[in-house]
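Residue-level structural notes
In case you want the letters, here they are:
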Amino acid sequence: MTVPPSVILRLLGAAAAGAAAELAGLGLIATAAWLITRAAEQPPLAALGVAIAAVRAFATSKGVFRYAERLAGHDVALRALATARERLYHALAPARPPERRGADLLTRMVEDTEAVQDLLVRCLLPAAAALTPAVAALVIELVLLPRAALALLAGLTVAGVLLPAASYAAARRWGAEIGRARAALAERVADLVHGSADLAAFGATGRALAAASAAGDRVDALERRRARALATAQAGGVLTQGLTACAVTLTAQAAGAGTVATAVLALTALVAFEPVLPLAQAAERLPGITGALRRTREIRRLPRAVTEPDRPAPLPGGPYTVEVRDLVVRHPGRAPAVDGVSLTLTPGKRVALVGPSGAGKSTLLAALMRLIEPESGSITVNGRDIRELRAEDVRRVMTGLPQDPYVFRASVRENLRLAAPEAGDEELERAVRRARLDRWVAGVGWDAGLGEDGRTVSGGQLQRLALARALLYDPPVLLLDEPGEALDDATAGAIMADVLDATRGRTVLMVTHRLTGLDQVDEVVVLDRGRVIQRGGHEELIRTPGHYRDLWEAESRAWRPPAGQPIIAGTGSPSGRAAAAHHRER
Ligand SMILES: Nc1ncnc2c1ncn2[C@@H]1O[C@H](COP(=O)(O)OP(=O)(O)OP(=O)(O)O)[C@@H](O)[C@H]1O
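Everything quoted here is computed from the prediction, not taken from an experiment. (Residues numbered from 1 in each chain as written. Predicted model: local features only at pLDDT ≥ 70, side-chain atom pairs only at ≥ 80, totals over all residues.)

**Observations regarding the overall build of the chain**
Counting its regular elements, the chain contains 18 helices and 10 strands. A separation threshold of at least 6 residues defines the contact pool for the chain, and within that pool the share at least 24 residues apart is 77%. (Helix = DSSP H or I, 4+ residues; strand = E, 2+ residues; numbered from the N terminus. Contact = placed C-beta atoms within 7 Å.)

**With respect to the sheet that holds strand E4 (residues 376-381)**
Taken in spatial order, the 4 strands of this open sheet run E2-E1-E4-E5, and their pairing is antiparallel. Sheet topology places strand E2 (336-345) and strand E5 (384-385) at the edges, where each strand pairs with a single neighbour. In this structure, strand E1 (residues 322-330) lies alongside E2, joined through 7 bridges in antiparallel fashion. Within E2, the position partnered with leucine 327 by the bridge is valine 341. Across the sheet, helix H9 (residues 361-368) is in contact with E1, E2 and E4; its angle to E2 comes to roughly 60°. (Pairing = 2+ DSSP bridges. Axes fitted to C-alpha atoms, helices over the stretch in contact; angles between N-to-C directions.)

**Considerations on the site of the ligand**
Taken together, 13 residues lie around the ligand, and His331, Ala337, Ser357, Ser362 and Thr363 are the ones closest in. Take the shell around the ligand: its biggest share by element is 3 residues, from H9. (Near = placed C-beta within 6 Å.)

**Side note on the pairing of E4**
Bridge count for E1 against E4 is 5 bridges, and the pairing is antiparallel. Paired with glutamate 323 across the two strands is threonine 380, which belongs to E4. Strand direction decides the pairing type here: E4 and E5, joined by 2 bridges, are antiparallel. Residue pairing across strands places threonine 380 opposite aspartate 385, the latter belonging to E5. Count of turn residues in the E4/E5 antiparallel hairpin: 2 residues, of which asparagine 382 carries a positive phi of about 50°.

**What to know about the nonpolar core**
The biggest cluster of nonpolar side chains holds 75 residues, and the ones touching the most others in it are Leu353, Ala367, Ala468, Leu479, Leu480 and Val524. Sequence-distant contacts of valine 524, defined by excluding residues within four places in its chain, comprise Ala352, Val354, Leu518, Arg535, Gly536, Gly537, His538, Leu541 and Tyr548. Membership of the second largest hydrophobic core comes to 71 residues, among which are Ala32, Ala151, Leu279 and Leu286. (Core = buried A, V, L, I, M, F, W, Y, C linked by C-beta atoms within 7 Å. Buried ≥ 20, exposed ≤ 12 C-beta atoms within 10 Å, placed from the backbone.)

**Topic: the sheet that holds strand E6 (residues 398-401)**
Here 6 strands make up an open sheet; going across it, the order is E6-E7-E8-E3-E9-E10 and the pairing mixed. Edge positions in the sheet fall to E6 and strand E10 (531-536), since each has one partner strand and no second. In this sheet, adjacent strand axes meet at a mean angle of 20° when their direction is disregarded. Together, strand E3 (350-354), E6, strand E7 (477-481), strand E8 (507-511) and strand E9 (523-528) form the strand contacts of H9, whose direction differs from that of E7 by roughly 150°. Sheet contacts for helix H14 (residues 459-473): E6 and E7; angle to E6, the most-contacted strand, approximately 155°.

**Notes on the pairing of E3**
In summary, the side chains of a regular strand alternate between the two faces of the sheet. Burial of E3 is extensive: 4 of the 5 residues sit out of reach of the surface. In the sheet, E3 pairs with E8 via 4 bridges, with the strands oriented parallel. Bridge pairing links arginine 350 to valine 508 in E8.

**Notes on the packing of helix H12 (residues 425-434) against H14**
At a minimum axis distance of 8 Å, the contact between H12 and H14 shows a crossing angle of 130°. In terms of their interaxial angle, H12 and H14 are classed as oblique. The handedness of the crossing between H12 and H14 comes out as right-handed. Contacts between H12 and H14 involve Glu427, Ala431, Val432 and Arg434 from the former and Ala468, Leu471 and Leu472 from the latter. Residues that form the contact of H12 with H14 fall into these classes: 5 nonpolar, no polar and 2 charged. (Parallel < 35°, antiparallel > 145°, perpendicular 65-115°, else oblique. Left-handed = near helix turned anticlockwise from the far one by under 90°. Nonpolar A, V, L, I, M, F, W, Y, C, P; charged D, E, K, R; others polar.)

**A few points about the confidence of the model for the chain**
Counting all residues, the mean pLDDT for the chain is 84, and 90% of those residues have values of 70 or more. Mean pLDDT values for the elements of the chain range from 40 in helix H18 (residues 574-585) up to 95 in E1. Long-range and interchain partners of residues 98-102, a stretch whose pLDDT sits below 50, account for 2 contacts in this model, where long-range means more than four residues apart. A low-confidence stretch, residues 560-586 (pLDDT under 50), is modelled with 35 contacts involving residues beyond four sequence positions or located in other chains. Predicted complex, confidence summary: ipTM 0.96, pTM 0.66. (pLDDT = per-residue confidence, 0-100.)

Structure representation (structure tokens):
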């Protein structure tokens, strides 16, 4: 990581101001000690004039320098923090392999980046500030009485080097254990929060609470041990300070130094420890800080899911034809998820992608959205390979409904405007009408707040909201991943009917488990284990023995009208049933 020169300059400025404040403190005590002891000898006032002025100057400048140090130090730390956060956002924004986007990322985003600030304000600057007065005090003692300087050097080495090293070692040891214990506690708490309904349903809340509280107790016990180690180091520092001051006083008296010199030597020694004592605490923080910095570095270095071209080609103009040729896509360490697939999407063509779970449908869509790098084969847009285009440009042409749509913690309006920030009310209303969400929106209101993970909306509403978003974005090539995913038959059927209705005349590639309504699409591609095993029109495929016909027959058999509900006209065929299901939902 390269540190910009402006940051280095600011850091040096803060360190210089800190050192100047400590020096002024040292000067203040040394001159005050001289002044008090000399005044006791009742000399003429003129003999004390310079010292009085010096005390005033040191006292005032100490405050000014301290203020300057805090201002400059926090300024540089907050700037560094902002830069670190920005870098992390930039590192996170491009698509990453999904398994690297765990929940601990949130902790890293919030807590670990703060380590940058701690490193500067709590470790580096105090260490830099402590060094100058220690050296100055040693020089003063050396000039006045070399033997006293020796005692001071020994004391400062203990308080400034040995004790911080000991508290660093203790923090490393306990820190690693505390980290593991905290992770265990976080897991327990996450289970309590996210699994509260399941725990209550199976009478397991008490057990889960007991496990969480045991994990909490373990963290507390380890924290206490670490705190004890730090307190011992800090007490050791203060003891060393007192012993050194005594040693310096005794040495001065033994050497026959006068009262004034003894007072100056003892107080100078005492004050030289002031900036050195906090180093034990700074060292105790260091392992946590370096660990946090290492973790954020790991995040920044995560490989990107796709490589951006060095010199991206300009996006060709529409209308767009997308050609997929012999595409092979593999998740790391696995057999190919997409294995030699070819298909063509000409303008206005609607293609349905069908196949059992794990067939590679979502992976194909991810490759089209440039979220995953193909191993071989090609995807072209109007003849231009998408690897030559910016991923952002590719998604300007083809994108849509992802497999697990996300509802942001924002209003209904803002959730939709994600896809079209400039969209006016009329456009929003048109999109929700087309996604058949208008009644729901009219009920809850445009400003209704939606919650984390979309828990405030039902599965069907979530899918429709995501569909409205995709329609609002209006990409030239619309990719829809399971619009009816994880919904009951009736809702999924209704959503499919609406999707087919809303996408008439558009270029669409749609992944679906439901075959009802696919008589309306231009081509059905059946995937199994990454390969195309069947393709053609719906009518043709249900006449041909094979996977599609089996699926169709299973879907037809599975549907039964709810008890007590008459079979209404037109519901005998699967498409008629979808219409009936749709009717029921609305
Ligand atoms: N992130 C991943 N890492 C490793 N393997 C993956 C990953 N995502 C998918 N796979 C594997 O790739 C294969 C294809 O998965 P994909 O999600 O594309 O199938 P799918 O047809 O969309 O399935 P479904 O209908 O259940 O969504 C599966 O074997 C799956 O286990």
